[in-house]
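Structural overview
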Amino acid sequence: MVLETYWISKTVVVDWPLRNPSGTFVSGVTVTGAVALPGGGSAAMTVSEVTASQLYRAPYDPTAAGTHG
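Computed from a predicted model, the values in this text were never measured in an experiment. The residue numbering used here restarts from 1 in each chain and proceeds along that chain's sequence as written. Two thresholds apply to this predicted model, a pLDDT of at least 70 for residue-level local features and 80 or more for giving and counting side-chain atom pairs, whereas whole-chain, interface and lining totals are computed over all residues. Processing note: side-chain calculations cover all non-hydrogen atoms of the structure and skip hydrogens and water entirely.

Moving on to the pairing of strand E3 (residues 42-45). Residue alternation in E3 divides its side chains into a buried set, Ala 43 and Met 45, and an unburied set, Ser 42 and Ala 44. Where strand E2 (residues 33-36) lies against E3, four bridges are found, and the strand directions are antiparallel. Looking across to E3, one finds that Val 35 is bridged to Ala 43. Here E2 folds back onto E3 in antiparallel fashion, the turn holding five residues, of which Gly 40 has a positive phi close to 100°. Remark: exposure states derive from per-residue accessible area (1.4 Å probe, protein chains only) relative to the maximum for the residue type, with buried under 20%, exposed over 50%, and partly exposed in between. Note on conventions: DSSP H or I runs of at least 4 residues are helices, E runs of at least 2 residues are strands, and numbering of each starts at the N terminus. For two strands to count as paired, DSSP must find a minimum of two bridges between them.

Right under this line is the structure:
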C-alpha cells in the first residue's frame, strides 16, 4: 500500500482499467466506488468511463483532514 498526502479540496483522481479474463477492456458498464472517511462512514465517488484511455476514472475532493481509504 502506498500512502500519499493530499490537501483538503485538492482533487484526487483514481484511474483503473477494467478488463475481462482475456485482457480486453470492458466498456459500457456501470462502475461504482466509495471512499472510507476518516471519521467513519463513506462517500460515494462518481465513476466515468474514459474510452480513449481504456480506463475508468473517479475524482474525489477531500473535505476533511485525516486518513481516507
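A separate point is unusual backbone geometry. Within the chain, Ser 9 stands out as a residue other than glycine whose phi angle is a positive 70°. Mapped onto the fold, Ser 9 is located in the segment before strand E1 (12-16). Positive phi is not limited to glycine here, since Gln 54 has a value of about 55°. By secondary structure assignment, the location of Gln 54 is in the loop between strand E4 (48-50) and strand E5 (55-60).

If you walk across this open sheet you meet the three strands as E1-E5-E4, and the pairing is antiparallel. Each edge of the sheet is formed by a strand with only one pairing partner; in this case those strands are E1 and E4. Going across the sheet, the axis of each strand differs from the next one's by a mean of 35°, ignoring polarity. As defined by bridge partners, E4 adjoins E5 across three bridges and the pair is classed as antiparallel. In the sheet register, Val 50 faces E5, and the bridge partner there is Leu 55. Every angle, taken between N-to-C directions, lies between 0 and 180 degrees, and every axis is a line fitted to C-alpha atoms, over only the stretch in contact when it is a helix.

This part is about the confidence of the model for the protein chain. pLDDT expresses, on a scale from 0 to 100, how confident the predictor is about each individual residue. Averaged over all residues, the pLDDT of the protein chain is 88; the fraction at 70 or higher stands at 94%. Mean pLDDT per element in the protein chain: E1 is the minimum at 90, and E4 is the maximum at 95.

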